[in-house]
Each structure stands twice: as C-alpha cells, then as structure tokens.
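Below are the chains, spelled out letter by letter.
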2 protein chains.
Amino acid sequence: MVMYFYPPSVEELISYLNKLPGVGPKTAQRLALHLLNTRADDALGLAEAIREARAKVKRCRICGNLTDDDCCPVCLDESRDETVLCVVEQPGDCIVIERTNQFHGRYHVLHGALSPMEGIGPAELNIASLMQRLQNSAIKEVIMATNTGVEGEATALYLARQIKPLGIKVSRLAYGVAVGGDLEYTDEVTLGRALQGRLDI
Amino acid sequence: MVMYFYPPSVEELISYLNKLPGVGPKTAQRLALHLLNTRADDALGLAEAIREARAKVKRCRICGNLTDDDCCPVCLDESRDETVLCVVEQPGDCIVIERTNQFHGRYHVLHGALSPMEGIGPAELNIASLMQRLQNSAIKEVIMATNTGVEGEATALYLARQIKPLGIKVSRLAYGVAVGGDLEYTDEVTLGRALQGRLDI
C-alpha cells in the first residue's frame, strides 16, 4: 500500500526552511504550505528577494556594514563625527544605536564576536580592517558596543588591549538598570553593576 | 546627517520574510541576516525550492491533496480501500493519519474549514469535488477528521448534513483523553466527552 507523503518538491522546500535558525520541522511544514497557498507574488517575491539580496549586498569597504554600494551611507557622510567610532557585532546593532539619536560618530561592524568554542578567532572577524582604520586616523575614542554576554565582553577586552597602545581612548556602554524597568525583575549581576556605577543626583 | 538603515535589498528581503505566518519584524531581520551570511547554496537553494514548488505542485484532481503529478499516489493506489474516505482540512493532516497505520482508505483534502468570519464558505473549500466524488461511488463511509475547534466542527456538521442523504455513513474521530496523558492536564470539555464515550473493559 502506498503511503501519502508530501510530493518531492514540497519535501525539498520543507528541508530548506528547516535549515533556518529557530525553524523546526513543524514550523518548516507550516511555512512551506503557506508559501504554496499564499499569493504567487508573495512567494515568488520572497524567492527573488533572497536572490537579489545575495547578489547585491556587499560589506562596506570601510566599516564592514551591509550596503548595496561600495561604501555605506554613514561612511560617506562627512557631517558625521569622524573622531568617535562605535564597534558593534552585527549590522542590526547599528540600527538600534541610530534610533537613540545619541550617537553621531561612525561605526565598525565585526560580524560576530570572539568564540574559541566555535572556532571564531580574530581572523574570522572584521578586525584587521578596524586596526588599519585606526592607524593615522582622526579617531580619538572607540566605544565598544558589543553584546554583554561572555563572548561580547571578551571581544571588547581583546580589542581594548589592541587599541589602547595606539593612544586612542576605549570606552564601553554603561551597565545598569533599564529605564522604565522594575528593580524586582533586574538580575543581580546587572543590579550589582548599577550600584557600582551609581550616579550623583 | 545620514542615518544608517539596511540597504534597500535587505529591507526588501526583511519585508517579504515578515509576511510569513508567525514571523515578526525581529525574526524577519534575524532570518534575513542569516540568509545573507549562510552558505550561498542554502540561501539560493531556498529561493529555488520556493520557485520549484510553486511551479510543480498541483492539487490531485481526485482528492485535492498536494502532488507533483496529475493524481496523488494514494488515489492511484488500487490496494487502498475505496469504500472508506477520510476528510481532512490540510495535506499535513493526511500525513499524521498515515503515521498511525490504522487507516487504509482514501483521503479528501478540503484546504481549510468553513469560517464565515473570514469569508470562507463552502465554495471556497474543496467541497464540490467531494460531493461529486461521492455520487455513484463505492464509498460506504466518510470519516470526518477535521480539527476539533469551532470551525472544524462546523465543517464536519455541514458536510454530514450534505452526505447523509446520499445513504453514506458519516463518522467523526472519537473524542477522549490522550494516550499516555495525565488526567490532571486534560481540559474539562475533553474529559466530559471521554466520560460520555466511555468504553467497556
């Protein structure tokens, strides 16, 4: 007796969707059926958008951020402060920082953090171009805005050790309680750091 | 001052991913960056799989299930019992039922359930072909295996009313407690149904 399975083309689609981060077999199945049932424009549009992005998107040759051009708009913008550089792990981090409207300098995107466990050393990150960029530049301060987990912290410390000998100031985002957050829900490590870094009123 | 945003091709990709069910703006962003960073084979393979599935997959002209051919393998398989028909909402439901190894009849896939709220009436579902299939057929029993929510129940009742006048038996999956499940975690409606439908030991 023949058992019913999805046709090969659907199985293929499910297996590719299953490779996406956070997408398990059940979700992959649901997404595949959605892509088959939704308007052709939406499904084929997604396929085309993947191709298009893979073909067009490059890394800015100065900061490493994602761009469709040779250089990203921030690196080309002469009105931005060229004396302050903010180092982040991912392109998305720049966007979050931009939204604060508190930073007017330039960025450098590492595309990850040091992680010996996963075999990610300095050579795997966008670090060589950072060190080159700092040589004979107008940059006076580098702000480390890597994530605050073990890997982000290790990356910030590693870079600080490389950068300080160049006579450039290296700083780190302040640790503390979230604005509008309840103390009750703040973890004790963060709260400890917030106490250490307490501010005069 | 220029603000940094994702380049247009990335924004485009994010907006298409954001249209997938259960994918919010944050997840769409994460998936887009993954598709840009992962192996080209995986990203372009997904794009190709979407195109391929959209181009190839049809509905079986007999049961409405997904197939790459004119007819699905189950409908073509003469060793399957042609006197019992199982009506399901989605192609995935057939696969779950196949896994039980308890059903050897044929299927009919509705591709949804009646939902007046969403404007889904009988004409929007694969019902006309079901009624036609039942005329002058060898089918003696139709098992309703629609979902047990309001819409699935309404669909089963609606179809039962259409099918019974043809002199065909209509049944419904049994309601009851899950095998291996704790009574404590069974909702009271299900438990009530399990009591009503209690079995002799």
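Details of the structure are given in the entry above.
Throughout what follows, the structure given in this document is the object of discussion. (Residues numbered from 1 in each chain as written. Chains lettered and ligands numbered in written order. Predicted model: local features only at pLDDT ≥ 70, side-chain atom pairs only at ≥ 80, totals over all residues. Heavy atoms only, no water.)

**With respect to the overall build of chain A**
Here is the rule: Elements are defined by DSSP. Helices are runs of H or I of four residues or more, strands are runs of E of two residues or more, and each kind is numbered from the N terminus. When we talk radius of gyration, it's over C-alpha atoms, and the globule rule is simply 2.2 Å times the number of residues to the 0.38. Exposure classes here rest on a 1.4 Å probe applied to the protein chains alone. A residue is buried below 20% of its type maximum, exposed above 50%, and partly exposed in between. In this analysis, two residues are considered to be in contact whenever any of their non-hydrogen atoms come within 4.5 Å of each other.
Tallying secondary structure elements over chain A gives eight helices and six strands in all. Taking 17 Å as the expected radius of gyration for a compact globule of 201 residues, we find that chain A reaches 22 Å, considerably beyond that expectation. Across its three principal directions, the C-alpha atoms of chain A cover 75 × 45 × 35 Å. Within chain A, the fraction of its 201 residues that count as buried is 45%. Residue pairs at least 24 apart in sequence account for 48% of intrachain contacts in chain A once pairs closer than 6 positions are excluded.

**Thoughts on the state of the cysteines**
Applicable threshold: By disulfide we mean two sulfur atoms from cysteines, separated by a distance within 2.5 Å.
Inspection of the entire model under this criterion finds zero disulfides over all chains. The closest cysteine sulfur to the non-disulfide-bonded Cys72 of chain A is located on Cys63 of chain A, 3.6 Å from its own sulfur. When its relative accessible area of 0% is taken as the criterion, Cys72 of chain A is described as buried. Cys63 of chain B supplies the cysteine sulfur nearest to Cys60 of chain B, a cysteine that is in no disulfide, at a spacing of 3.7 Å. Owing to a relative accessible area of 4%, Cys60 of chain B belongs among the buried residues under this scheme.

**Structural notes on the sheet that holds strand β5 (residues 141-144) of chain A**
Residue and element names in this part refer to chain A. We count it as follows: Being paired, for any two strands, means DSSP has found at least two bridges between them. In this analysis, axes come from line fits to C-alpha atoms, helices being fitted only over the stretch in contact, and the angle between any two N-to-C directions falls in the range 0 to 180 degrees.
With parallel pairing, the four strands of this open sheet are ordered in space as β4-β3-β5-β6. Looking at the sheet topology across the chains shown, the edges are occupied by β4 (106-109) and β6 (169-172). Going from strand to strand, the sheet's axes swing by 25° on average, the running direction of each strand aside. Bridge count for β5 against β6 is four bridges, and the pairing is parallel. Within the sheet, the bridge partner assigned to Val142 lies in β6 and is Val170. Here helix α5 (residues 91-100) sits on the sheet and contacts β3 (84-88) and β4; the angle it forms with β4, its principal contact strand, is near 155°.

**So, the interface of chain B and chain A**
For interface size, the figure often reported is the accessible area lost on association. Test applied: Here's the idea: put two parts together, see how much 1.4 Å probe accessible area each one loses, and the total over both is what we call buried area. By definition here, a salt bridge exists when the distance from a side-chain nitrogen of Lys or Arg to a carboxyl oxygen of Asp or Glu is within 4 Å. Each polar contact in these results corresponds to two N or O atoms within 3.5 Å; when the atoms are within protein, one needs to be able to donate a hydrogen and the other to accept it, and residues that are neighboring in sequence are counted only if both atoms are side-chain atoms.
Taken residue by residue, the interface counts 63 residues in chain B and 63 residues in chain A. Both sides of the chain B and chain A interface together cover about 5,700 Å² of buried area, and 69% of this is carbon and sulfur. Applying the counting criterion to the chain B and chain A interface returns four salt bridges. At the boundary of chain B and chain A, one finds 14 residue pairs in polar contact (both at pLDDT 80 or more). Counting only elements with at least two residues in the side of chain B that touches chain A, the list comes to α1 (8-18), α2 (25-37), α3 (40-56), β2 (66-67), α4 (73-76) and α5 (91-100) of chain B.

**Concerning the relation of the copies chain B and chain A**
Convention followed: When the copies are overlaid, the least-squares fit takes in C-alpha atoms only where the residue has pLDDT of at least 70 in both copies.
Overlaying chain B on chain A yields an RMSD of 0.1 Å, the required transformation being a rotation through 180° with an accompanying axial translation of 0.0 Å. Here the two chains are linked by the operation of a two-fold rotation axis. Within chain B, the C-alpha atom positioned nearest to the axis of rotation is that of Ala47 of chain B, 2.1 Å from it. In this assembly the copies share their binding face: 100% of the residues contributing to the interface of chain B also contribute to that of chain A.

**Digging into α3 of chain B**
The cut-off we apply is this: Multiply 1.5 Å by the residue count of a helix minus one, and that product is the helix's expected span.
The terminal C-alpha atoms of α3 of chain B lie 23 Å apart, and with 17 residues this matches the ideal 24 Å at 1.5 Å per residue to within 8%. Burial in α3 of chain B covers these residues: Asp42, Ala43, Gly45, Leu46, Ala47, Ala49, Ile50 and Ala53 of chain B. Where the residues of α3 of chain B are buried, they touch α1 (8-17), α2 (25-37) and α3 (40-56) of chain A together with α2 of chain B.

**Side note on the packing of α3 of chain A against α3 of chain B**
What counts, and what does not: Angles are sorted into four bins: roughly parallel if under 35 degrees, roughly antiparallel if over 145, roughly perpendicular if 65 to 115, and oblique for all others. Two helices that cross are described as forming a left-handed crossing if the nearer one is turned anticlockwise from the farther one by less than a right angle, and a right-handed crossing if clockwise.
Two elements in contact, α3 of chain A and α3 of chain B, have axes whose closest approach is 9 Å; the angle formed by their N-to-C orientations is 155°. For the element pair α3 of chain A / α3 of chain B, the angle class is roughly antiparallel. Crossing handedness for the pair α3 of chain A and α3 of chain B: left-handed. Facing Ala40, Ala43, Leu44, Leu46, Ala47, Glu48, Ile50, Arg51 and Arg54 of chain A of α3 of chain A, the residues of α3 of chain B in contact are Ala40, Ala43, Leu44, Leu46, Ala47, Glu48, Ile50, Arg51 and Arg54 of chain B.

**Remarks on the pattern of salt bridges**
Oppositely charged side chains can form a pair if their charged atoms are brought close together. Counting across every chain of the model gives 14 salt bridges over all chains. Where Asp41 of chain A meets Arg39 of chain A, a salt bridge forms, and the shortest distance between an N and an O atom there is 3.5 Å. Residue classification places Arg39 of chain A among the exposed residues on the basis of a relative accessible area of 54%. Two residues, Asp42 of chain A and Lys19 of chain B, come together in a salt bridge whose shortest N-O distance is 3.1 Å. Taken together, the residues span two chains, with Asp42 of chain A in helix α3 and Lys19 of chain B in the loop between α1 and α2. We classify Asp42 of chain A as buried; its relative accessible area is 16%.

**Details of the packing of aromatic side chains**
All names here are of chain A. Cut-off, in case you're wondering: Planes of paired rings set the category: under 30 degrees apart is stacked, over 60 is edge-to-face and the rest tilted, where pairs are Phe, Tyr or Trp rings (Trp by its six-membered ring) whose centres lie within 6.5 Å. Charge-over-ring placement is defined geometrically: NZ (Lys) or CZ (Arg) within 6 Å of the ring centre, and within 35 degrees of the ring normal.
This structure, assessed with the given rule, holds two aromatic pairs over all chains. Aromatic pair Phe103 and Tyr107: ring centres 5.2 Å apart, planes at 55°, arrangement tilted. For the pair formed by Phe103 and Tyr107, the shared burial category is buried. Cation over ring: Arg193 sits above Tyr175, and NZ or CZ is 4.3 Å from the ring centre.

**Description of the sheet that holds strand β4 (residues 106-109) of chain B**
Residue and element names in this part refer to chain B. Taking strand neighbours across the sheet as the criterion, the four strands line up as β4-β3-β5-β6 in an open arrangement whose pairing is parallel. Looking along the sheet, the strands with just one partner apiece sit at the ends: β4 and β6 (169-172). For this sheet, the mean inter-axis angle between neighbouring strands, taken without regard to orientation, is 25°. Sheet topology note: the strand β3 (residues 84-88)/β4 ladder contains four bridges and is parallel. Along β4, the bridge assignment pairs Val88 with Val109.

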